[in-house]
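Chain by chain, the residues:
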Amino acid sequence: MTAAVTLWERGRLDARVGPRQVLFGRMYEDASIELDAFQPGSRIFCIASAGCTAMKLAPHHEVVAVDINPVQLAYAERRFDGDLGFRGKAERVMDFARFFGPLAGWWPSRVRAFLHLDDPAEQMEYWQRHLNTWRFRTALDGLFSLIALRSVYAPRLLDFLPKRLGVVMRGRMERCFERHPNRSNPYARSLLLGELAPDPPPPEAKDIRLVHADAAEFLEQEAPGSFDGFTLSNILDGVDDAYEQRLFAAVKRAAAPGAATVLRSFGDTNASSPANRAADDRAMLWGSVLVRPAAEL
Ligand SMILES: C[S@@+](CC[C@H](N)C(=O)[O-])C[C@H]1O[C@@H](n2cnc3c(N)ncnc32)[C@H](O)[C@@H]1O
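Not measured: the values here are computed from a predicted model.

J.: When you look at the site of the ligand in this model, what are you seeing that I'm missing?
T.: The environment of the ligand is formed by 20 residues, the closest being Tyr28, Glu29, Ser49, Asp67 and Asp214. The side chain of Asp67 places a nitrogen or oxygen atom 2.6 Å from an oxygen atom of the ligand. At a separation of 3.0 Å, a nitrogen atom of the ligand approaches a polar side-chain atom of Tyr243. Taking 580 Å² as the accessible area of the ligand by itself, protein coverage stands at 98%. The class makeup of the residues in the shell around the ligand is twelve nonpolar, five polar and three charged.

Now the structure itself:
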C-alpha cells in the first residue's frame, strides 16, 4: 500500500506511533455538491470519515460508507445512532490556532458579527475592514508554513500542497465569502468559530451500510456496475500514481452506466479543470472538487 493510505489506516495525522484516533469530529466537505451530482434514488459509495456526507445522502440514496480507519468508522456509526460526537484531532489542532485569534483582532464577537451577514458584498467589506488584518495574514502564513505544519502532520500528507499555502488558503476563504451568504453557511461557523454543527441523523441513517476497508480493495470486490455514484473525499492526496490508477480502475469497474464521481483535493493541480466545482463548496478549503462521469477517470 502507498504511504498515505497506510497513514490513514494507522488512524493518525502525525508520524508517531500510538493508538488510532478519531481524526475528524465533522467533515469539511459541502455535501450539496454530491446532492447535485447524484441522481435521486441511486446507489452511492462514499468515504465514511465523520459520517456527515453519508447522513446527508441517506434520505435520497442507498449509501455504502467505507473507511480504512476503524476508530473513525465506529465514530460515524455512533453518530448515525444519534450521538452528538466530539472534537477530533483535526478540530483540536484548529482550536489551538483559533486560541490566538484575538491577537490578530479576531475577537469572538467580531467573528460572530461577520458570520451573521448574508450579503456577500457586505461580507467582503467587513472582511477587508475588520478581519483581513496584517496580523491575521502574518499569523496565517506562519500557521500554514510547511515547516509549522510538519510539526503536526506527517510529511506524506503535506508534499502535494501548494507552496505559499497561507496566501492560497486566504484566497479560498475570500472565494467563499464573496459568493456564499455566511448566515446560512454551517462550514463557515465551524471553521471560524470551531462550532460543531448539530447535524442530527435522518431516520434513513440506520440504513447506511458501514464497511471497514480500503476504498480500492472494497470496490474491486463489489459486483461490476453496482454503484451509480462515488464520492471519494480527498483520499488521493498524498498517494502515489499506482494507487490512483488502481482506485480509478476499481471505480470504473464498479460503476453503472452514467455513474458520477466527486473527488476533492487540497492541492491546486486540477484547479483550472472545467470539472472543478471548488468555488461552489461552502466548506471553502478545497483546491479542486472534481465532478466527473466515472467513464472519464
Ligand atoms: C481523506 S480523510 C480527509 C478528511 C475529509 N476531507 C473530511 O472533511 O472529513 C477522510 C477519511 O478518509 C479515510 N481514508 C483515507 N484513505 C482511505 C482509503 N484509501 N480507503 C478508505 N478510507 C480512506 C480516512 O481514514 C478518513 O477517515
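Back to the text.
J.: So what exactly am I meant to see when it comes to the pairing of strand β1 (residues 43–47) here?
T.: Where a strand is regular, its side chains alternate between the two sheet faces. Counting buried residues along β1, five of its five residues qualify, which places the element largely inside the surrounding structure. Going residue by residue along β1, you find Arg43, Phe45 and Ile47 tucked away on one face and Ile44 and Cys46 tucked away on the opposite face as well. Relative to strand β2 (residues 62–67), β1 is paired through five bridges, and the arrangement is parallel. The residue bridging Arg43 from the neighbouring strand is Glu62, located in β2. Traced from β1 through helix α3 (residues 52–57) to β2, the parallel crossover comes out right-handed. One ladder, built from three bridges, connects β1 with strand β4 (residues 227–231); its direction is parallel. Note that in β4 the partner of Cys46 across the bridge is Thr231.

J.: Can you walk me through the environment of Val291 in this structure?
T.: Relative to the assigned elements, Val291 resides in strand β6 (residues 288–293). Exposure remark for Val291: the relative accessible area of 22% places this residue in the partly exposed category. A sequence separation of 93 residues divides Val291 from Pro198, and the C-alpha atoms of the two residues are 27 Å apart. Those residues in contact with Val291 that lie beyond four places of it in its chain are Ile33, Ala37, Thr261, Val262, Ala275 and Arg277.

Cut-offs and rules
- Residues numbered from 1 in each chain as written.
- Predicted model: local features only at pLDDT ≥ 70, side-chain atom pairs only at ≥ 80, totals over all residues.
- Heavy atoms only, no water.
- Near = heavy atom within 4 Å.
- Polar contact = N/O pair within 3.5 Å; in protein donor to acceptor, adjacent residues only side chain to side chain.
- Areas by Shrake-Rupley, 256 points an atom, 1.4 Å probe, with all protein chains shown as cover.
- Nonpolar A, V, L, I, M, F, W, Y, C, P; charged D, E, K, R; others polar.
- Buried < 20%, exposed > 50% of the residue type's maximum accessible area, 1.4 Å probe, protein only.
- Helix = DSSP H or I, 4+ residues; strand = E, 2+ residues; numbered from the N terminus.
- Pairing = 2+ DSSP bridges.
- Right-handed = clockwise from strand over helix to strand, strands pointing away.
- Contact = heavy atoms within 4.5 Å.

In short, geometric facts, not functional conclusions.
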